[in-house]
Amino acid sequence: GAGVSQTPSNKVTEKGKYVELRCDPISGHTALYWYRQSLGQGPEFLIYFQGTGAADDSGLPNDRFFAVRPEGSVSTLKIQRTERGDSAMYLCASSRDSNTEAFFGQGTRLTVV
Amino acid sequence: DQQVKQNSPSLSVQEGRISILNCDYTNSMFDYFLWYKKYPAEGPTFLISISSIKDKNEDGRFTVFLNKSAKHLSLHIVPSQPGDSAVYFCAASLHNFNKFYFGSGTKLNVKP
């Protein structure tokens with residue numbers, strides 16, 4: 001596709017459940033980012049991948065959050081034992097390399113009930 | 001503690017006039033700044049950027065000004081158009097593009 005694609009667009013889950021959020025970056029982009037945006041706030045950095053490796057995961061809030069990018073393209077953000085406070089818009093972005101601006105997907109809105 | 005702040009949650013401007021969106025930051029080590037625009041149900045879209053070695057960058061109707069001593073940047077849109085109505089986020093990074101700190105956004109409404 002032409003842009004960053006995130007699936008699903010909406011996800012409702014029960015407290016305590018496990019969820020996976022998927023990001024398909026723009027083809028050929030080596031850098032991939034995950035951000036989280038709560039209502040009324042700006043995006044908050046979670047993790048950055050350069051290729052297959054997580055170059056900076058300092059934004060992951062706790063060990064319930066984990067992200068992978070096994071082949072250097074698609075990435076999955078995994079959240080275990082979800083809590084109501086995890087409810088937010090999860091944004092993925094990609095860039096051609098680590099020195100160019102990032103293009104964002106439309107996000108996945110996660111609601112934990 | 002928020003390192004990038006946008007103190008105006010909303011701004012309303014008449015079509016054809018200038019829109020000025022403001023952003024303040026606390027970390028003097030930030031060296032790259034961007035503005036993103038976001039429409040409802042879409043992800044943020046890159047608009048314009050500026051490096052800390054400059055104090056102004058212009059791209060068509062959009063100009064970003066950086067005042068390092070005041071730790072302040074602003075986005076000027078001239079002339080404003082109804083299609084500019086969106087939420088505008090400023091963002092800052094330390095030494096690279098890899099991790100950005102975003103402000104909370106300013107919702108711009110350009111009235112026809």
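Right, let's walk through the structure included here.

Quick notes on the rules
- Residues numbered from 1 in each chain as written.
- Chains lettered and ligands numbered in written order.
- Predicted model: local features only at pLDDT ≥ 70, side-chain atom pairs only at ≥ 80, totals over all residues.
- Heavy atoms only, no water.
- Helix = DSSP H or I, 4+ residues; strand = E, 2+ residues; numbered from the N terminus.
- Buried < 20%, exposed > 50% of the residue type's maximum accessible area, 1.4 Å probe, protein only.
- Polar contact = N/O pair within 3.5 Å; in protein donor to acceptor, adjacent residues only side chain to side chain.
- Contact = heavy atoms within 4.5 Å.
- Buried area = accessible area lost by both parts, 1.4 Å probe.
- Salt bridge = Lys/Arg side-chain N within 4 Å of Asp/Glu carboxyl O.

1. Topic: the side chain of A:Thr82
Residues and elements named next belong to chain A.
Argument step 1. Locating threonine 82 in the fold gives a position in the loop between β8 (75–79) and β9 (88–95).
Argument step 2. Owing to a relative accessible area of 1%, threonine 82 belongs among the buried residues under this scheme.
Argument step 3. Of the polar contacts made by the side chain of threonine 82, one reaches the backbone oxygen of glutamate 14; its length is 3.2 Å.
Argument step 4. Within the local environment of threonine 82, its side chain forms a polar contact with the backbone oxygen of lysine 17, the two atoms lying 2.9 Å apart.

2. Quick look at the interface of chain B and chain A
Argument step 1. The interface is formed by 16 residues belonging to chain B together with 20 residues belonging to chain A.
Argument step 2. When the two sides are added together, the surface that chain B and chain A hide from each other amounts to roughly 1400 Å², 60% of it contributed by carbon and sulfur.
Argument step 3. The tally of links between chain B and chain A comes to 0 salt bridges.
Argument step 4. At the boundary of chain B and chain A, one finds 3 residue pairs in polar contact (both at pLDDT 80 or more).
Argument step 5. At the level of elements, β4 (32–38) and β10 (100–102) of chain B are the ones that each hand at least two residues to the side of chain B that touches chain A.

These results come straight from atomic positions and should not be treated as a statement about function.
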